[in-house]
Amino acid sequence: MSKNSVSNSVIRRLPRYYRFLGELEKQGTVRISSRELSEKMALTASQIRQDLNCFGGFGQQGYGYNVSELREKIGEILGVHSGNPIILIGAGNLGRTIATHMSFAERGFRLIGIFDIDPKLSGVEIGDLKVRNSIELERFCIENSPTAAVLCIPKEAAAEIAKRLQSYGIKAFWNFSHFDLRSENSDVIVENVHLGDSLMTLAYGLNSMNDTEK
Ligand code: NAI
């Protein structure tokens, strides 16, 4: 089955498999059955087999899965070793945190530039990069061909910046601004991230618990 025909929900589960398998590898687990993996991941064993069969299936009847091999293969599917060049726009509180705490290299990216519109931030060091002024964006993109961008800017600025970056060749957006970017065509992909949505899901869960206790 080609990657393109794999459902989005399966793809969204792959990073979780990759993370769990990484933890098992660290603990020294060499092989695991789909039942054991399903217990750890709170999925059903048949769900796991179905998911992994989308890519040809990796297990062996009676043996289960080789943890390192499966992790490596899922990593390949996800492209964790691709080193896609990515830039970050908006070196405020969130941008600085993401630039310093996110292991881009372990997740398929190489952070190569940080930009901010505020001239006071130009030259400030974040990790091993210096913040550049946004006026340098076009030249930087021509010279370094980043293909992805993290947006940590206010929502009012997001649409305009995204349009500009697309004209410089950016094809993928990890968007934290509270403006829901949409991919207008299949050449551009977007991941809108709202931590607040996740928190509200938790609030809903608590409220439902309280309701059933009444
Ligand atoms: P901040 O005010 O500390 O930083 C924003 C930075 O963006 C500033 O340094 C500013 O100069 C820069 N900026 C503004 N317009 C720009 C442009 N056109 N080009 C380049 N740089 C530009 O704000 P903070 O706390 O870092 O948050 C950034 C954004 O992310 C806010 O809009 C906030 O609401 C949002 N946010 C989203 C979260 C999420 O889960 N999606 C979580 C937390 C914040």
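Go over the site of the ligand with me, naming the residues and quoting the values.
The immediate surroundings of the ligand are formed by 21 residues, with Leu 94, Asp 116, Phe 176, Val 193 and Leu 195 found nearest. One of the backbone N or O atoms of Asn 93 is found 3.0 Å from an oxygen atom in the ligand. Here an oxygen atom of the ligand sits 3.4 Å away from a polar atom, N or O, in the main chain of Ile 153. No other element matches helix H7 (residues 155-167), which puts 3 residues into the shell around the ligand. The residue inventory of the shell around the ligand, partitioned by class, reads 12 nonpolar, 6 polar and 3 charged.

Hey, could you go over the pattern of salt bridges for me, with residue numbers and the actual values?
Summed over all chains, the structure comprises 7 salt bridges. A salt bridge links Glu 25 to Arg 71; its shortest N-O distance comes to 3.3 Å. With a gap of 46 residues between them, Glu 25 in helix H1 (residues 8-26) and Arg 71 in helix H4 (residues 67-78) connect regions that are remote in the sequence. Given the relative accessible area of 30%, Glu 25 is considered partly exposed. On the basis of relative accessible area, Arg 71 is assigned to the partly exposed category, the value being 23%.

Provide a residue-level description of the layout of surface pockets, including the pertinent values.
Here the largest pocket is characterised by a volume of approximately 1,900 Å³. Lining of the largest pocket is provided by 42 residues; of these, Pro 15, Leu 78, Arg 107, Phe 109 and Glu 191 occupy positions nearest its centre. Those elements giving two or more residues to the lining of the largest pocket turn out to be H1, H4, strand E3 (84-89), strand E7 (148-151), strand E8 (172-175) and strand E9 (189-192). A per-element tally of the lining of the largest pocket places H1 first, with 12 residues. Of the residues that constitute the lining of the largest pocket, the class distribution is 20 nonpolar, 10 polar and 12 charged.

Lay out the packing of aromatic side chains with the relevant residues and their values.
Applying the stated criterion across every chain yields a total of 3 aromatic pairs. Pairing Phe 104 with Trp 174 gives two aromatic rings, centres 6.4 Å apart and planes at 90 degrees, and the pair type is edge-to-face. A residue pair is termed long-range when its members are at least 10 positions apart, and Phe 104 in the loop between helix H5 (93-101) and strand E4 (109-116) and Trp 174 in strand E8 qualify at 70 residues. Seen from their ring centres, Phe 115 and Phe 140 are 5.2 Å apart, and the 75 degrees between their planes marks the pair as edge-to-face. Within this pair, whereas Phe 115 is found in strand E4, its partner Phe 140 is found in helix H6 (residues 137-144), the two being separated by 25 residues in sequence.

Go over H4 with me, naming the residues and quoting the values.
For H4, built from 12 residues, the straight-helix expectation of 16 Å at 1.5 Å per residue is met to within 8% by its first-to-last C-alpha distance of 16 Å. All of the buried residues in H4 are Val 67, Leu 70, Ile 74, Gly 75 and Ile 77. Along the axis of H4, the buried positions cluster into a sector of 160 degrees, meaning they face one direction only. Tucked into the core, H4 has its buried residues touching H1, strand E1 (31-32), helix H3 (45-53) and strand E2 (65-66).

Outline the domain arrangement of the protein, supporting the account with residue identities and numerical values.
Domain parsing of the protein yields domain 1 (3-76) and domain 2 (84-197). Computed over C-alpha atoms, the centres of domain 1 and domain 2 are 31 Å apart.

Rules behind the numbers
- Residues numbered from 1 in each chain as written.
- Predicted model: local features only at pLDDT ≥ 70, side-chain atom pairs only at ≥ 80, totals over all residues.
- Heavy atoms only, no water.
- Near = heavy atom within 4 Å.
- Polar contact = N/O pair within 3.5 Å; in protein donor to acceptor, adjacent residues only side chain to side chain.
- Helix = DSSP H or I, 4+ residues; strand = E, 2+ residues; numbered from the N terminus.
- Nonpolar A, V, L, I, M, F, W, Y, C, P; charged D, E, K, R; others polar.
- Salt bridge = Lys/Arg side-chain N within 4 Å of Asp/Glu carboxyl O.
- Buried < 20%, exposed > 50% of the residue type's maximum accessible area, 1.4 Å probe, protein only.
- 1 Å grid on protein atoms, 1.4 Å probe; cavity = no way out; pocket = protein on both sides within 12 Å on 5 of 7 lines; lining within 4 Å.
- Points joined across faces, edges and corners; volume = space filled by probe spheres on them.
- Phe/Tyr/Trp six-rings, centres within 6.5 Å; stacked < 30°, edge-to-face > 60°.
- Expected span 1.5 Å × (residues − 1).
- Arc of directions from axis to C-beta.
- Contact = heavy atoms within 4.5 Å.
- Domains from an automatic or database assignment.

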